[in-house]
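# Architecture and fold: a report
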Amino acid sequence: MKAIDKEAIRARALFVGHMTPEREGLLGGLRSIGMETLYFDTPHKARAHTNWCDFILYGAAGSAEAAPMRRIAETGKPFAAVLRPEDKGFTPLSIRSGARAVFVDEVHPEEVFQFSRTLNEEGNLRRELRWLRTEAREESGGWRFEGTSAAAERLRRSIQLAGQKYRSILLEGEKGLNFQLVARALHSQYPGTRHPFLHWGPKMRRASVLEKAIKRMEEKRGEEGDVVEKGGTLFIEDAQLIGRDHQKALAGVLRKKSLSPEFRVIFGCTHDPERLIQDTILKRLYRKETTCFIKIPPLRERKKDISLVAQGILDEFSSRIGQPRRRITPAAMEWFCGQKWWGNESELEMAVCRAFLVSEGNSISLDDLSPSPRRGGGGDIEGFFRERLSSVVTALGDGERSDFYDHTIRSVEKPLLELVLREAGGNQVQASRLLGMNRNTLRRKLLEFGLTKSSPSRRR
């Protein structure tokens, strides 16, 4: 017997409605071929078991059954109506009420089996269609991950090492990085392109949309249910922005043992360098012992890759709008490689596309580049912190005691010492000179923050 036939036999049928001797014989025949069945006389009693079954058989007894059939259709489960011979005239009414098929009493179990097999084939076709759609989006948009730098090679090794061992992966990086590109690379490693890739983007962060998606996962319906039941990858972009209640509900679903062994969830956690206090995801969403942590390096740590990334963005943008391919002149490329790109790939993409639109001819020159706004110098530091702290200070409350002052000073002081010590190549004497600080004071603060053992030297 074919594999798809075995899947049809393993299906579970829920019979709801009026029972007759012929229908009892039908259920007995289904059980004899190995199909599980349950029976309830009313839709209300069967409601708690709709998640258990794969399809529903509704035993109708006249035109008064239209309303109950519509309630059966609202469960989202496919169902077939079973009519008495004298009620065959109600077939159009059953179809309009949502029935996928109509049987008449004394129906042979083989016909119901064929109905189950058809539903299984439709499910596989819908699954393949979703996969083809995601592949089409991947081919039509988005540039490939480019880079030969040491940071890019480390990221590739991390993706390869994740392999099949980790079913939960936490991606961390700054805003503007292409998290989806890394997630797709992980998906291609495992569970592979034979399974769909489901992306929860900004639209999914709306409470109403997210609640419905989590419910579909619980009930194993729709795209979400298909991925957790049959395998695939769920990529949750900016997972730290999901509300705490929804994170708890999602954690409950992801902890279930009934998930497919070929299901993988990838969390994207974005950090904003300009924010003093970062949002985080709940630790209950993942387990440290079974989660792979991958840090995506920012673009400024991959200066060797900027030329490849910029040209890749330019080629993709040219083909997207139907224009001939253009090249970037050496002077313009030197300008691109000399920028900090604190907005990472997103900022670089905006700069390249802007230059393309204002350029003429077959190349982008230095004259086509409008310099990025200069970041504030030392005189703007006070204004920067005043702007960032204003919203936090207003939320402190009236007269409430807190350690906000100490927390703020430590949040600024520790990264400052780390960066200066790295700039000084780990030399505390030189670092104290750069800071204008007494050497003993610097040593005491380094001990306080635990920075004496791990002070990475600057690579030149």
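Whatever comes next refers back to the structure up there.
First, a word on scope: everything that follows refers to the structure included in this document. (Residues numbered from 1 in each chain as written. Predicted model: local features only at pLDDT ≥ 70, side-chain atom pairs only at ≥ 80, totals over all residues. Heavy atoms only, no water.)

### A look at the overall build of the protein
Helix and strand content of the protein: 18 helices and twelve strands. Within the protein, the fraction of its 460 residues that count as buried is 41%. The contacts of the protein with a sequence gap of at least 6 include a subset with a gap of at least 24, amounting to 70%. Counting only carbon and sulfur atoms, one obtains 50% of the accessible surface of the protein, whose full area is about 25900 Å². (Helix = DSSP H or I, 4+ residues; strand = E, 2+ residues; numbered from the N terminus. Buried < 20%, exposed > 50% of the residue type's maximum accessible area, 1.4 Å probe, protein only. Contact = heavy atoms within 4.5 Å. Areas by Shrake-Rupley, 256 points an atom, 1.4 Å probe, with all protein chains shown as cover.)

### Quick look at the packing of aromatic side chains
Counted under the stated rule, the structure contains nine aromatic pairs. Centroid distance Phe-55 to Phe-115: 5.6 Å. Interplanar angle 85°. Geometry classified as edge-to-face. One end of the pair, Phe-55, is in strand S3 (residues 55–59); the other, Phe-115, is in helix H6 (residues 109–140), and 60 residues separate them in sequence. Each member of the pair, Phe-55 as well as Phe-115, is classed as buried. Sitting over the ring of Phe-356, Arg-326 keeps its end group 4.0 Å from the ring centre. (Phe/Tyr/Trp six-rings, centres within 6.5 Å; stacked < 30°, edge-to-face > 60°. Lys NZ or Arg CZ within 6 Å of the ring centre and 35° of its normal.)

### A closer look at the nonpolar core
One broad rule of soluble globular proteins: the nonpolar side chains tend to lie buried together. Ranked by size, the top nonpolar core spans 26 residues in total, and within it Trp-200, Ile-236 and Phe-267 carry the most contacts. Among the secondary structure elements, those contributing two or more residues to this core are strand S7 (197–200), helix H9 (207–219), helix H10 (222–230), strand S8 (232–236), helix H11 (244–254) and strand S9 (263–271). Apart from residues lying up to four places away in sequence, Ile-236 is in contact with Trp-200, Ile-242, Leu-250, Val-265, Ile-266, Phe-267 and Gly-268. Among the nonpolar cores identified, the runner-up in size contains 21 residues, and Leu-299, Met-333, Trp-341 and Cys-353 belong to it. (Core = buried A, V, L, I, M, F, W, Y, C linked by side-chain atoms within 4.5 Å.)

### Points about the pairing of strand S5 (residues 101–104)
Residue alternation in S5 divides its side chains into a buried set, Ala-101 and Phe-103, and an unburied set, Val-102 and Val-104. Here strand S4 (residues 79–83) runs beside S5; their pairing, made up of four bridges, is parallel. Within the sheet, the bridge partner assigned to Ala-80 lies in S5 and is Ala-101. As for the winding sense of the linkage, the β-α-β connection from S4 through helix H5 (residues 91–96) to S5 is right-handed. (Pairing = 2+ DSSP bridges. Right-handed = clockwise from strand over helix to strand, strands pointing away.)

### Notes on the sheet that holds strand S10 (residues 291–295)
One open sheet holds the five strands; their spatial order is S7-S8-S9-S6-S10, and the pairing between them is parallel. What marks the edges here is a single partner per strand, and that holds for S7 and S10. Sheet twist, expressed as the average angle between the axes of neighbouring strands with direction ignored, equals 20°. Bridge analysis of strand S6 (residues 168–174) against S9 gives seven bridges, and the strand direction is parallel. Within S9, the position partnered with Ser-168 by the bridge is Val-265. (Axes fitted to C-alpha atoms, helices over the stretch in contact; angles between N-to-C directions.)

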